[in-house]
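Single-letter residue listing:
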Amino acid sequence: GAVVSQHPSRVICKSGTSVKIECRSLDFQATTMFWYRQFPKQSLMLMATSNEGSKATYEQGVEKDKFLINHASLTLSTLTVTSAHPEDSSFYICSAEWTGADTQYFGPGTRLTVL
Amino acid sequence: GENVEQHPSTLSVQEGDSAVIKCTYSDSASNYFPWYKQELGKRPQLIIDIRSNVGEKKDQRIAVTLNKTAKHFSLHITETQPEDSAVYFCAASLLQGAQKLVFGQGTRLTINP
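These numbers were taken from a predicted model, which means no experiment stands behind them.

Caption draft 1: Highlighting the environment of K71 of chain B. Residue and element names in this part refer to chain B. In this fold, K71 is placed in the loop between β7 (62–67) and β8 (72–77). With a relative accessible area of 25%, K71 lands in the partly exposed category. A sequence separation of 53 residues divides K71 from S18, and the C-alpha atoms of the two residues are 23 Å apart.

Caption draft 2: Geometry of the layout of surface pockets. Computed from the structure, the largest pocket encloses a volume of approximately 650 Å³. What lines the largest pocket is a set of 29 residues, and nearest its centre among them are M45 and E59 of chain A together with E2, L101 and V102 of chain B. When contributions to the lining of the largest pocket are tallied by element, the ones reaching two or more residues are β4 (32–38) and β5 (45–51) of chain A together with β10 (102–103) of chain B. Residues of the lining of the largest pocket, tallied by class, amount to 15 nonpolar, nine polar and five charged. One number sums up the size of the second largest pocket: a volume of about 420 Å³. Elements with a minimum of two residues in the lining of the second largest pocket: β9 (86–92) and β11 (107–112) of chain B. Of the residues in the lining of the second largest pocket, the class split is eight nonpolar, nine polar and five charged.

Criteria and cut-off values
Residues numbered from 1 in each chain as written. Chains lettered and ligands numbered in written order. Predicted model: local features only at pLDDT ≥ 70, side-chain atom pairs only at ≥ 80, totals over all residues. Heavy atoms only, no water. Helix = DSSP H or I, 4+ residues; strand = E, 2+ residues; numbered from the N terminus. Buried < 20%, exposed > 50% of the residue type's maximum accessible area, 1.4 Å probe, protein only. 1 Å grid on protein atoms, 1.4 Å probe; cavity = no way out; pocket = protein on both sides within 12 Å on 5 of 7 lines; lining within 4 Å. Points joined across faces, edges and corners; volume = space filled by probe spheres on them. Nonpolar A, V, L, I, M, F, W, Y, C, P; charged D, E, K, R; others polar.

Any link to function would need more than the numbers given here.
As structure tokens, then:
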């Protein structure tokens, strides 16, 4: 149980375009979802925390107008990278938990490459 | 906010030997300390975790120890095998409300046959 999926697994786009990444909890209702970014050979950095039906809380230094997060249902959160640039190329990983969960469950990640 | 420091950044051990990775945290309110194993291009996988009301936890070849007073915790892997080669991350959070994990910098563990 507690499976989280992400789509797409890989995406290549041109500079200036927008990319949407989906994160789904497949067998539980996720009251909270998290979005992380991981640059090569670096750690996971939390970008934002989203609760179903409310606005996401962004970490310091993360541009909310560039990284749009929507958590419209208890099983789906989306991250849209707007006007992507090469420096946005990274591994984006979501995770999800339910209220009272003992841990959070990670998605498989999305490799974004901006040309 | 919380800050987690992890050492060493790389660790190479002979197959069958033990490996130890150490982390320190700054926020004394943190009460949950998971360890993750991440293979290249894959999701982090929880391998063991410990809560602040426990000083040690063991699961087969893996153990974690926690010293709340010193604010540090360690991962111990015994009888290492080639498949243990990966990047390991420690993390800390507060089990209250949304569980915001703060990760250490990671340790690249290589097991030499």
